Amino acid sequence: MDSTGLQTLRRLATIINESLDTMETAYSRAGQALPTLDAPFDPKNPAEAVRQEPAVATAILNIMAASSQMSATVCSPAAAVLNASQAFHVSSCLRAVSELNVVEILREGGPQGRHVNEIAAASKADPALLARILRLLATHHIFSEVTPNVFANNRISSALDKGKPSSVLFEKPKERLLGTSGITALVEFFSEDIFKSSAWLTDTILEPKEGVLPYNKAFDTDQPLYYYMQRPENAYRLQRFGLGMQGTAATEAPDAIFTGFDWNALPAGGVLVDVGGGNGYTAMTIAQKYPKLRVVVQDLEHAVEGAKDLWKESFPSHIESKMVEFQAFDFFNPQPVKKADVFMLRYIAHNWSDAALAKILQNLRDAAQPTTQLVIIEKILSFAAVPGAEVANTPGAQRPSAPAPLLPNWGIGTAEFYYYDMAVHTMLGGSERTLSGFSNVLGKGNWKLVRVHHCTGSQLSHIVAVPA
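So, how was this worked out
Residues numbered from 1 in each chain as written. Predicted model: local features only at pLDDT ≥ 70, side-chain atom pairs only at ≥ 80, totals over all residues. Heavy atoms only, no water. Core = buried A, V, L, I, M, F, W, Y, C linked by side-chain atoms within 4.5 Å. Buried < 20%, exposed > 50% of the residue type's maximum accessible area, 1.4 Å probe, protein only. Helix = DSSP H or I, 4+ residues; strand = E, 2+ residues; numbered from the N terminus. Contact = heavy atoms within 4.5 Å. Patch = residues over 30% accessible without salt bridge, like charges linked within 9 Å, V, L, I, M, F, W, Y side chains within 5 Å. Areas by Shrake-Rupley, 256 points an atom, 1.4 Å probe, with all protein chains shown as cover. Salt bridge = Lys/Arg side-chain N within 4 Å of Asp/Glu carboxyl O. UniProt positions renumbered as here; feature names shortened; annotations may be inferred. Expected span 1.5 Å × (residues − 1). Axes fitted to C-alpha atoms, helices over the stretch in contact; angles between N-to-C directions. Parallel < 35°, antiparallel > 145°, perpendicular 65-115°, else oblique. Left-handed = near helix turned anticlockwise from the far one by under 90°. Nonpolar A, V, L, I, M, F, W, Y, C, P; charged D, E, K, R; others polar.

**Let's talk about the nonpolar core**
Buried together is how nonpolar side chains tend to be arranged in soluble globular proteins. Of all hydrophobic cores here, the largest spans 33 residues; its most connected members are Phe-343, Leu-374, Ile-376, Leu-442 and Trp-447. Contributing elements (two or more residues each) for this core: strand S4 (271-275), strand S7 (342-346), helix H18 (354-367), strand S8 (373-378), helix H20 (435-444), strand S11 (447-454) and strand S12 (461-467). Dropping the residues within four chain positions of it, Leu-374 is found in contact with Phe-343, Leu-345, Leu-361, Leu-364, Leu-442, Trp-447, Ile-463, Val-464 and Ala-465. The next biggest cluster of nonpolar side chains, apart from the first, holds 27 residues, and it includes Leu-272, Val-295, Ala-307 and Val-342.

**Regarding a nonpolar patch on the surface**
Residues Met-64, Ile-412 and Tyr-419 make up a contiguous nonpolar surface patch of roughly 310 Å² in combined accessible area. Among the structural elements, Met-64 can be located in helix H3 (residues 54-74).

**Some words on the UniProt feature "domain: O-methyltransferase dimerisation" (unreviewed entry) in the chain**
Under the present numbering, the feature "domain: O-methyltransferase dimerisation" (unreviewed entry) in UniProt falls on residues 85-160. Across residues 85-160 one finds 53% helix and 12% strand; the C-alpha atoms that close the span lie 25 Å apart.

**Remarks on the environment of Ser-157**
Within the fold, Ser-157 resides in the loop between strand S3 (150-152) and helix H9 (166-171). The class of Ser-157 is buried, set by a relative accessible area of 0%. Taking the C-alpha atoms as reference points, Ser-157 and Leu-37, separated by 120 residues in sequence, lie 9.9 Å from one another. For Ser-157, the residues in contact, after removing those within four places along its chain, are Val-103, Ile-142 and Phe-143.

**Considering helix H1 (residues 4-30)**
An ideal rise of 1.5 Å per residue puts 39 Å on 27 residues; H1 measures up with 39 Å between its terminal C-alpha atoms. Among the structural elements, helix H2 (46-50) and H3 are those in contact with the buried residues of H1. Gly-31, located one to two residues past H1, shows a positive phi value of around 70 degrees.

**A closer look at the packing of helix H10 (residues 183-198) against helix H19 (residues 415-428)**
Where H10 contacts H19, the axes come no closer than 10 Å and their chain directions differ by 60 degrees. For the element pair H10 / H19, the angle class is oblique. Considering how the two elements wind past one another, H10 and H19 form a crossing that is left-handed. For the pair H10 and H19, the contacting residues are Leu-186, Phe-189, Phe-190, Ile-194, Ser-197 and Ser-198 in the first and Tyr-420, Ala-423, Thr-426 and Met-427 in the second. Looking at the contact of H10 with H19, its residues break down into seven nonpolar, three polar and no charged.

See below:
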């Protein structure tokens, strides 16, 4: 009879096989083939849309979680922890190849790849070292080594493509990331700012000081991140960060924002306040579909200037009809809009501790009418264990969990949620939250959680609250 360990492995293998069957059926029905790892990523390939189908998305999570759990089960524990302790080398190497424009050089070289001597020539990098960097990444299925020292892009590496000729990127290094999807900017931000900050995590735990975060230690500043980045010498760092935040939308289905809160249910002339909205891209997306809505974009002055430029270029009719207003505003101050139908906070809550977020929420509550709704757009963390029932009666609170013996949160399949959690802590002292965490902090700001929408084709949820 099989031991418990082997029974678990066989069950994991069954989950993988059943999930593959689900994917095969979906791709066959769509008349598409599953893209291979060796082929460069093409976001316009119709096969990519199949991944967004709920059954396929779940199958993908199952496969990722089950294969990772199988590896963890059979791997030497010492090897596993030693490998994990050195995973930072992957981040370092990703930043190196991105700033050396390796992906674009390889794209120009075609599927046959290019020898590392040719790849290194444009940047005058050491070919031998660059080969070792690329080989480490290829070992993690980022790039492929076609023949010894000849490398080519694959599905994962090509996601870093900035879409410009490599010669232009080298000629104008400060403009490399402009006009891109933002994914590369986000990768570079994570693999530099967050990577450097994370190294100080333990130090700030063992020797805590008020207002001193890992980011402050890493960059030797007493200023919070957003203020530090506004210093003149950090102009490029600020630009990269802004483009990276825009890149978060690139991982979502284009209509994901419309699969949660019902924006169309707001009345004609209803006021949507995008609090801390940056360039107002999300609010603009909503208003383009529902032009009956009035929009107020609020953020610090430099961000509001960027919002004006974006809306002038992409949605000038809303400016001409005076249906959008831009306000330079710090949300720790009293909220000036007193007749909002919706206050929207997208990727704001996770930047702040509970105490700071409660202050932001209280300012909104003070300006709210009885009918005002608050929509927080964020990731919701799941427990790695079977959850309790703290908010079980909230409409939409329940969501599927992974089948046993997988971790209920799908383990490595949702790992990026937990990476983000550590990132916002190291940068800002913030936190990603479980739903019960959101409910608790909403209560501190005098709002009441009333329902949750989990958006299709997105990692984000819409957490809806009303004045308490």
